Amino acid sequence: MAENFDVIVIGSGPGGYVCAIRAAQLGFKVACVEKRATLGGTCLNIGCIPSKALLQSSETYHQTVHGLKDHGINVGEVKFDLARMQARKGEVVSANTKGIEFLFKKNKVTWLKGAAKFTSSTEIDVAGKAYTAKHFVIATGSDSVPLKGVEVDEKRIVTSTGALELDKVPGRLVVIGGGVIGLELGSVWRRLGAEVTVVEFLDRITPGLDGEISKVFQQTLTKQGFTFKLGYKVTGAKTSDKGVTLSIEPAKGGAAETLEADVVLLAIGRYAYTAGLNLAAAGVETDERGRVKTGAHYETNVPGIYAIGDVIVGPMLAHKAEEEGVALAERLAGQAGHVNYGAIPGVVYTWPEVASVGATEEELKAQGIQYVVGKFPFMANGRARAMGETEGFVKVLAEKGTDKLLGAHIIGPDAGTLIAELTTALEFGASAEDVARVCHAHPTLSEAVKEAALAADGRALHI
Ligand code: FAD
Ligand code: NAI
């Protein structure tokens, strides 16, 4: 006889584990299936957390070597120990994944170990045992997009997973794809001494970001030693004992070239992952990009089966998946769970950081919306000067006439933390003036947010 639960969540990433915990809080009998040896999904095991651990270690090293002299601090020879850095990363990951195990126990969520496979629309198989549930939630996440002619071996040609595990700093790292993964992990290895070349198909990096921010971001990374080959496509890769020879050519036509690398990082996006789930047995439909098709409340075309996170449409971000997990659990309990897709922040954890929420200038132009821009540079912010972190600026976009906040974009120190205030403002339907009239502590970086909001009305005080 099949064991029965109220809710079975398939996948324990930020979408799945949060949905499971919230459903358990609401009184459901919940199980979460995970085939990986540890909980937490891509994010905790091979994504957000290990990448931020290495970003932190490499930034600390870089700051020690390059940033201390100006503060009057002289240090002797500074060396890094990559094995220790990697071990620390492992400890950070393990603390987080064990934390989810603890939370499952605390909330009485049963972890079903193994890969889930639908055997019908009302039953799954996990490790040879049958399970039924009133509600199934597909939260199986995503995987790296492959590229024809560039065979990943996770040693010489790596995805983000291999790039997080390198035991030696590559002399020459070539990154295919000028997106978030390429620039974050490129930064890790650049700071530790690698020559980093980014080959990007488009004529700009980070295509989803506000164009002006992207441009400044590229200039900043170039100053840090990145080389960019924009408007190029990779046509093949040959691996030998010595390294990799990449064949590239201009995307719009032109002479082919080669690039030599010790390691190649393939980071051209991620795709919805449903392999092995046997969606056909359940009759669950996917779209042209393999994402599980869902309605407004995460329901699939099959009653009782839902989907959330990277496996459905929308930005592939951990916090987006989490919000969907909570909203769905609350809906299943008859509550009014809801996600505001207009106010989901995005952060690139390079240094300086890049953060954004809401519309970009390009999006507003395309929609024919009239807007005003308020900008304030960190160069004019007292705290940023004291920190020696004056690169970048805050930019707010507000509707012309109503002053309603439509978007905000920051490149600068701690941009990822600063964006929270503007996300809250956007969520509450605030105007730029609302933000400008809030008292901000002095001296803080957040005063640059206030000043940018003031600048939207032409009345910034400190510039
Ligand atoms: P996932 O986290 O992918 O979890 C899905 C889980 O389902 C996996 O553990 C998988 O093993 C399991 N699974 C799949 N099929 C089955 C099956 N049949 N049976 C049982 N289990 C199954 N996002 C951010 O917001 N901030 C960041 O800083 C950030 N950094 C990132 C860095 C990297 C290098 C990468 C690769 C991603 C990063 N992301 C970041 C994206 C983030 O990791 C994802 O958006 C997030 O993990 C999606 O959560 P999810 O729950 O939808 O799926
Ligand atoms: P991405 O979508 O951010 O960037 C991929 C880049 O590759 C784009 O600029 C695209 O134009 C380019 N590209 C596509 N095909 C190409 C080709 N054949 N040759 C050269 N360039 C090509 O994808 P990425 O960096 O792989 O990250 C995947 C996702 O993971 C992100 O979209 C994001 O959702 C998530 N992520 C989030 C992070 C964060 O929030 N800080 C960190 C890392 C990942």
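One can find the structure itself at the top, above this paragraph.
As the structure is a prediction and not an experimental result, all values here were calculated from the model.

About the criteria used
- Residues numbered from 1 in each chain as written.
- Chains lettered and ligands numbered in written order.
- Predicted model: local features only at pLDDT ≥ 70, side-chain atom pairs only at ≥ 80, totals over all residues.
- Heavy atoms only, no water.
- Helix = DSSP H or I, 4+ residues; strand = E, 2+ residues; numbered from the N terminus.
- Buried < 20%, exposed > 50% of the residue type's maximum accessible area, 1.4 Å probe, protein only.
- Contact = heavy atoms within 4.5 Å.
- Areas by Shrake-Rupley, 256 points an atom, 1.4 Å probe, with all protein chains shown as cover.
- Lys, Arg positive; Asp, Glu negative; His and termini not counted.
- Charge placed at Lys NZ, Arg CZ, Asp CG, Glu CD.
- Phe/Tyr/Trp six-rings, centres within 6.5 Å; stacked < 30°, edge-to-face > 60°.
- Pairing = 2+ DSSP bridges.
- Axes fitted to C-alpha atoms, helices over the stretch in contact; angles between N-to-C directions.
- Disulfide = S-S within 2.5 Å.

*Asks:* Is there a simple way to think about the overall build of the protein in this case?
*Replies:* Within the protein one finds 14 helices and 22 strands. Residues counted as buried form 50% of the 463 residues belonging to the protein. Sequence separation of 24 or more characterises 63% of the internal contacts of the protein that already satisfy a separation of 6 or more. As displayed, the protein has an accessible area near 21200 Å², and 53% of this comes from carbon and sulfur atoms. Positive and negative side-chain charges of the protein, numbering 49 and 53 respectively, have mean locations separated by a distance of 3 Å.

*Asks:* Please clarify how the packing of aromatic side chains should be interpreted in this entry.
*Replies:* By convention here, two paired aromatic rings are described through the distance between centres and the angle between planes. Across all of its chains, the model carries 4 aromatic pairs by this definition. Pairing F5 with Y131 gives two aromatic rings, centres 6.4 Å apart and planes at 40°, and the pair type is tilted. Here F5, found in strand 1 (residues 3-10), pairs with Y131, found in strand 6 (residues 129-138); they are 126 residues apart in sequence, far enough to count as distant. A single burial state applies to F5 and to Y131, both of which are buried. With a centroid separation of 5.9 Å and an interplanar angle of 15°, the aromatic rings of F226 and F228 are classed as stacked.

*Asks:* I tried to follow the sheet that holds strand 11 (residues 227-230) on my own but got confused; where do I start?
*Replies:* Hydrogen bonds between backbone groups are what pair the strands of a sheet, and the pairing can be parallel or antiparallel. Taken in spatial order, the 5 strands make up an open sheet running 8-15-9-10-11, and their pairing is parallel. A single partner strand is all that each edge strand has here, and the edge strands are strand 8 (157-158) and strand 11. Pairing analysis gives 2 bridges linking strand 8 to strand 15 (residues 263-266), with the strands arranged parallel. Across the sheet, the residue bridging to I157 is V264, located in strand 15. Along the sheet, helix 6 (residues 180-191) contacts strand 9 (172-176), strand 10 (195-200), strand 11 and strand 15; its crossing angle with strand 10, the most-contacted strand, is approximately 165°.

*Asks:* Where do I start with the state of the cysteines in this structure?
*Replies:* Summed over the entire model, instances satisfying the criterion amount to 0 disulfides. Free cysteine: C19, not disulfide-bonded; nearest cysteine sulfur from C32 at 8.7 Å.

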